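Tertiary structure, described
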Amino acid sequence: MYNSTKDKKGDRLLWGDEVECMVVEVDEDARTAKLSLRQAQILEDLEKAERAGELRDDNVSFHPEYGRYMLESTPSKPFSGEFEDLLQVEPNMALRRRIARRHMNENEIPLTLTSYPMLGAGEFCDPYTGTGTNNPASRSFFLPDEIINPHARFPTLTANIRWRRGEKVAINVPIYKDERTPDPFVDPTVPWNRDIFPEDANAREGAALRDHVYMDSMGFGMGCCCLQLTFQATDIDEARNLYDQLAPLTPIFLALTAASPAYRGYLSDQDARWNVIAGSVDDRTRTERGVDPAPPDWATHTHNSSPVIPKSRYDSIDCYISDTNACLAASPAHYNDQTLVVNNKVKDRLLEAGFDDLLATHFAHLFIRDPIVVFQELLEQDDAVDSDHFENIQSTNWQTMRFKPPPPGEESRIGWRVEFRPMEIQLTDFENAAFSIFIVLVTRVILSYNLNFYIPISRVDENMRQAHSRDAVNQSRFWFRTNIFPDDGKTAVGTYKQLTVNEIINGCSSAGFIGLVPLVRKYLHSMNVDLETLCQLDRYLQLVSKRASGELCTTATWIRNFVRAHSDYERDSRITQSINYDLIQTVNKITKGHGWDDPEVAASLLRGCKDFA
Ligand code: GLU
Ligand code: MG
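This report concerns the structure included in the present document. Remember, predicted model here, so these are calculated numbers, not experimental data. (Residues numbered from 1 in each chain as written. Chains lettered and ligands numbered in written order. Predicted model: local features only at pLDDT ≥ 70, side-chain atom pairs only at ≥ 80, totals over all residues. Heavy atoms only, no water.)

**Some thoughts on the overall build of the protein chain**
What the protein chain contains, in helices and strands, is 25 helices and 18 strands. With respect to the three principal axes, the spread of C-alpha positions in the protein chain is 65 × 60 × 55 Å. The buried share of the protein chain, reckoned over its 613 residues, is 61%. Restricting to contacts in the protein chain with at least 6 residues of sequence separation, those with at least 24 account for 74%. Split by element, the accessible area of the protein chain, about 24,000 Å² in all, is 48% carbon and sulfur. Looking at charge distribution, the protein chain has the averaged site of its 66 positive side-chain charges lying 2 Å from that of its 90 negative ones. (Helix = DSSP H or I, 4+ residues; strand = E, 2+ residues; numbered from the N terminus. Buried < 20%, exposed > 50% of the residue type's maximum accessible area, 1.4 Å probe, protein only. Contact = heavy atoms within 4.5 Å. Areas by Shrake-Rupley, 256 points an atom, 1.4 Å probe, with all protein chains shown as cover. Lys, Arg positive; Asp, Glu negative; His and termini not counted. Charge placed at Lys NZ, Arg CZ, Asp CG, Glu CD.)

Right, dumping it as structure tokens:
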């Protein structure tokens with residue numbers, strides 16, 4: 001397949017976003033908010049409307065997701081790179097939300113929340129079947145299996161990840177230590193000493209940590225929502241370059257979009273979902289995680305180049321892949337500075353088929369994972385025309401960037417694509433449009449000015465860890481390359497500095513870095529964009545710029561502040577049903593555009609958006 005598509009050229013920029021959301025059911029009399037598990041019925045209704053031609057002119061499409069309370073929406077046809085087309089993004093996202101809402105019950109609302117604060121705490125969903133011994137897929141103490149999309153793929157993924165790993169997944173996020181949070185914090189909701197599932201009673205055996213919020217199921221991660229973007233490149237070389245150039249930006253945009261400060265009814269001491277999902281699908285065995293030593297005959301059990309695999313299958317990327325970039329070509333080991341585990345058998349086969357070493361390495365690295373779920377009926381495939389087996393591995397390597405070959409078939413008009421995957425979903429369509437449009441413009445800037453953001457992968461990893469910390473935008477520094485222009489010595493090793501997000505986004509003259517927003521503005525001015533469009537686009541740039549400068553706060557900070565300011569909050573890190581209810585109602589208002597100029601409600605998040613609109 002690679003050989004039949006590698007020379008495909010001349011595809012134009014097309015792109016699309018994926019917005020994931022949660023369906024929340026609100027009872028105003030009882031003052032409760034719960035996740036509604038009606039995904040299947042809502043999607044069925046939407047399909048009916050689609051079949052009846054009701055959505056024909058709407059350019060919207062809806063898809064299932066892992067959580068039975070989740071919906072994903074995309075434009076049905078991709079956007080182009082035309083500047084006027086960029087202005088269609090926000091209305092399109094708003095339309096998707098309206099249409100989804102129309103197919104929900106009166107008391108249900110689609111909310112773009114990254115992590116649901118009460119997921120796994122009390123009766124957080126409807127229907128709620130309770131936990132206990134009836135969770136065959138996850139064996140979770142906290143999350144009923146009923147929150148999993150019932151399509152066979154999802155419970156099977158859940159069970160097989162646990163089975164392959166040899167024990168339940170274990171995610172521990174540090175608790176936010178507020179004035180009255182017990183110290184040490186020993187979570188009373190963890191069944192420390194009870195045999196709920198005798199075969200893996202691992203809370204007692206050290207899986208749950210003190211001073212942490214412990215989570216034990218895939219749903220805690222894959223039940224989070226995000227904002228993803230996929231771009232079509234003109235050809236494979238451009239796709240490989242874009243993949244590389246966007247990779248160092250992934251931690252920066254995780255920090256800037258951070259929106260998940262609460263898990264399982266507690267405020268945590270981190271703001272972003274990424275490592276929670278990484279832990280929630282970590283199917284590595286104890287040996288692969290380096291906990292147990294490898295048996296002497298390990299090499300007879302695997303084609304992998306090492307018995308230890310440093311990262312989960314949901315994690316940041318491990319190697320750059322461009323073979324046309326002089327900078328990477330001049331010092332490959334400097335940038336790709338991690339020892340990469342590869343599937344040797346796959347790598348040999350790819351090299352034999354004509355892949356260059358970098359690309360063979362990239363794909364052979366994906367193939368160090370097992371497929372986890374294969375349907376018997378789909379086992380026999382003609383691999384020359386069907387990419388199912390490849391896609392199975394590819395789509396369960398959930399990394400910060402994804403490199404996507406054209407789907408097979410002569411008729412395929414789809415080209416080489418890259419997906420940008422780190423961003424957390426924002427509360428409003430305005431914000432989600434802003435981050436989407438900004439990244440699209442950054443890709444144009446990268447290609448037009450031939451920019452180089454390369455830093456060693458180990459520093460991207462370090463940035464990734466930083467990006468999770470509380471208020472990383474204002475409190476953390478990130479490794480960033482400051483000599484990004486070709487004349488700055490493209491072939492030389494870069495100058496890396498630890499910059500704040502503000503310096504990276506808005507520029508820093510002492511570091512000699514122009515900043516991403518000024519770069520985008522410069523680009524727009526050079527493109528003769530008409531004034532009206534320019535003004536419209538600038539609203540989005542301003543949001544990104546002000547988030548970075550701290551003038552506006554991240555969604556995570558806003559949620560944390562909301563909880564801490566609530567009259568029912570006892571400064572013990574606990575989020576009660578009533579706090580959650582008020583949070584959900586306020587989020588709903590903000591989502592609808594109410595209170596964007598109300599200092600009490602959302603000034604910190606969106607100040608000025610109304611003026612721009
Ligand atoms: N919901 C996942 C996340 O928050 C992504 C799942 C997907 O790849 O669609 O990253
Ligand atoms: Mg998705």
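Picking up where we left off.
**Topic: the packing of aromatic side chains**
Tallied over the full model, the rule gives 26 aromatic pairs. A ring pair is formed by Tyr 320 and Tyr 454, whose centres lie 4.8 Å apart and whose planes are at 90°; its orientation type is edge-to-face. Of this pair, Tyr 320 sits in the loop between β13 (314-315) and α11 (326-330) while Tyr 454 is found in the loop between α16 (429-449) and α17 (457-467), placing the two residues 134 residues apart along the sequence. Given a relative accessible area of 0%, Tyr 320 falls into the buried group. Both rings, one in Tyr 449 and one in Tyr 523, keep their centres 6.5 Å apart while their planes meet at 90°; by these two values the pair is edge-to-face. Note that Tyr 449 is positioned in helix α16 and Tyr 523 in helix α20 (residues 516-526), a separation of 74 residues in sequence. Tyr 523 gets classed as buried once you look at its relative accessible area, which sits at 7%. An aromatic cluster of three or more residues is present, and its members are Tyr 2, Tyr 243, Phe 355, Phe 363, Phe 390, Phe 403 and Trp 416. In this arrangement the basic side chain of Lys 522 is found over the ring face of Tyr 449, its NZ or CZ atom lying 5.6 Å from the centre. For Arg 560, the ring lying beneath its charged end belongs to Tyr 176, and the centroid distance is 4.8 Å. (Phe/Tyr/Trp six-rings, centres within 6.5 Å; stacked < 30°, edge-to-face > 60°. Lys NZ or Arg CZ within 6 Å of the ring centre and 35° of its normal.)

**Some details on a negative patch on the surface**
On the surface, Asp 382, Asp 383, Asp 386, Asp 388 and Glu 391 cluster together into a negatively charged patch. Mapped onto the elements, Glu 391 comes out in helix α15 (residues 388-394). (Patch = residues over 30% accessible without salt bridge, like charges linked within 9 Å, V, L, I, M, F, W, Y side chains within 5 Å. Salt bridge = Lys/Arg side-chain N within 4 Å of Asp/Glu carboxyl O.)

**Notes on the pattern of salt bridges**
Here the structure, examined in full by the defined rule, presents 42 salt bridges. A salt bridge links Asp 357 to Lys 347, with the shortest nitrogen-to-oxygen separation between them at 3.3 Å. Residue Asp 357 is located in helix α14 (residues 357-366), and its partner Lys 347 is located in helix α13 (residues 344-352); the two are separated by 10 residues in the primary sequence. Given the relative accessible area of 16%, Lys 347 is considered buried. Residues participating in the shared-partner salt-bridge network are Arg 165, Glu 167, Asp 282, Arg 284, Arg 286, Arg 289 and Asp 292.

**As for helix α23 (residues 577-591)**
Compared with the 21 Å implied by 1.5 Å per residue over 15 residues, the 21 Å span of α23 between its first and last C-alpha is a close match. Along α23, 13 of the 15 residues are buried, which leaves the element largely enclosed by surrounding structure. Just beyond α23, the residue with positive phi is Gly 593, at close to 95°. (Expected span 1.5 Å × (residues − 1).)

**Observations regarding the pairing of strand β17 (residues 478-481)**
Alternating positions in β17 separate into two faces, Phe 478 and Phe 480 on one and Trp 479 and Arg 481 on the other, with burial throughout. With 4 bridges connecting them, β17 and strand β18 (residues 496-499) associate as antiparallel partners. The residue bridging Arg 481 from the neighbouring strand is Tyr 496, located in β18. (Pairing = 2+ DSSP bridges.)

**Some thoughts on the site of ligand 1**
Near ligand 1 the following residues occur: Glu 20, Glu 65, Glu 72, Cys 224, Cys 225, Cys 226, Gln 228, Arg 273, Ile 277, Tyr 314, Trp 398 and Arg 421. The contact in question runs from a nitrogen atom of ligand 1 to an N or O atom on the backbone of Cys 224, over 2.9 Å. Arg 273 places a side-chain nitrogen or oxygen 2.7 Å from an oxygen atom of ligand 1. Protein burial of ligand 1: of its 300 Å² of free accessible surface, 92% is covered by the chains. A breakdown of the residues in the shell around ligand 1 according to their chemical character gives 6 nonpolar, 1 polar and 5 charged. (Near = heavy atom within 4 Å. Polar contact = N/O pair within 3.5 Å; in protein donor to acceptor, adjacent residues only side chain to side chain. Nonpolar A, V, L, I, M, F, W, Y, C, P; charged D, E, K, R; others polar.)

**A few points about the environment of Asn 392**
With respect to the helices and strands, the residue Asn 392 is situated in helix α15. When sequence neighbours within four positions are dropped, the list of residues in contact with Asn 392 reads Arg 153, Pro 371, Val 373 and Val 374.

**Side note on helix α21 (residues 531-549)**
One turn of an α-helix holds 3.6 residues; hence residues three or four places apart share an orientation. Relative to the 27 Å expected for 19 residues at 1.5 Å per residue, α21 spans 25 Å between its end C-alpha atoms, a close match to the ideal helical length. Every buried residue of α21 is accounted for by Thr 533, Leu 534, Leu 537, Arg 539, Tyr 540, Leu 541, Leu 543, Val 544, Ser 545, Lys 546, Arg 547 and Ala 548. Of the residues trailing α21, Gly 550 is marked for its positive phi of about 90°.

**Side note on the nonpolar core**
The biggest cluster of nonpolar side chains holds 173 residues, and the ones touching the most others in it are Tyr 116, Phe 231, Phe 253, Phe 403, Leu 516 and Leu 524. The element best represented in this core is α16, accounting for 12 residues. Each residue touching Tyr 116, except ones within four places of it in the same chain, is listed here: Met 22, Val 24, Ala 33, Lys 34, Leu 35, Phe 124, Ala 262, Asn 580 and Ile 584. Residues Leu 46, Ala 49, Leu 55 and Leu 71 belong to the second largest nonpolar core, which totals 14 residues. (Core = buried A, V, L, I, M, F, W, Y, C linked by side-chain atoms within 4.5 Å.)

**Notes on the coordination of the magnesium ion (ligand 2)**
Every protein donor of the magnesium ion (ligand 2) is listed here as Glu 20 (OE), Glu 65 (OE) and Glu 72 (OE), and their distances to the metal cover 2.0 to 2.1 Å. Mapping the donors of the magnesium ion (ligand 2) onto the primary sequence yields the spacing E-x44-E-x6-E. In this pair, Glu 20 sits in strand β1 (residues 14-27) while Glu 72 sits in strand β4 (residues 70-74), placing the two residues 52 residues apart along the sequence. With respect to burial, Glu 20 and Glu 72 carry one shared label: buried. (Donors = N, O, S within 2.8 Å, 3.2 Å for Na, K, Ca; no water.)

**Considering the state of the cysteines**
A full pass over the atoms with the stated rule returns 0 disulfides. Between Cys 224, a free cysteine, and Cys 225, which holds the nearest cysteine sulfur, the sulfur-to-sulfur gap is 7.4 Å. (Disulfide = S-S within 2.5 Å.)

**Observations regarding the side chain of Ser 387**
Along the chain, Ser 387 turns up in the loop between α14 and α15. Among the residues examined, Ser 387 registers a relative accessible area of 12% and is labelled buried. Discounting residues that sit within four places of it in the chain, Ser 387 has contacts with Met 1 and Pro 408.

So far we have only geometry, and geometry alone does not tell us how the molecule works.
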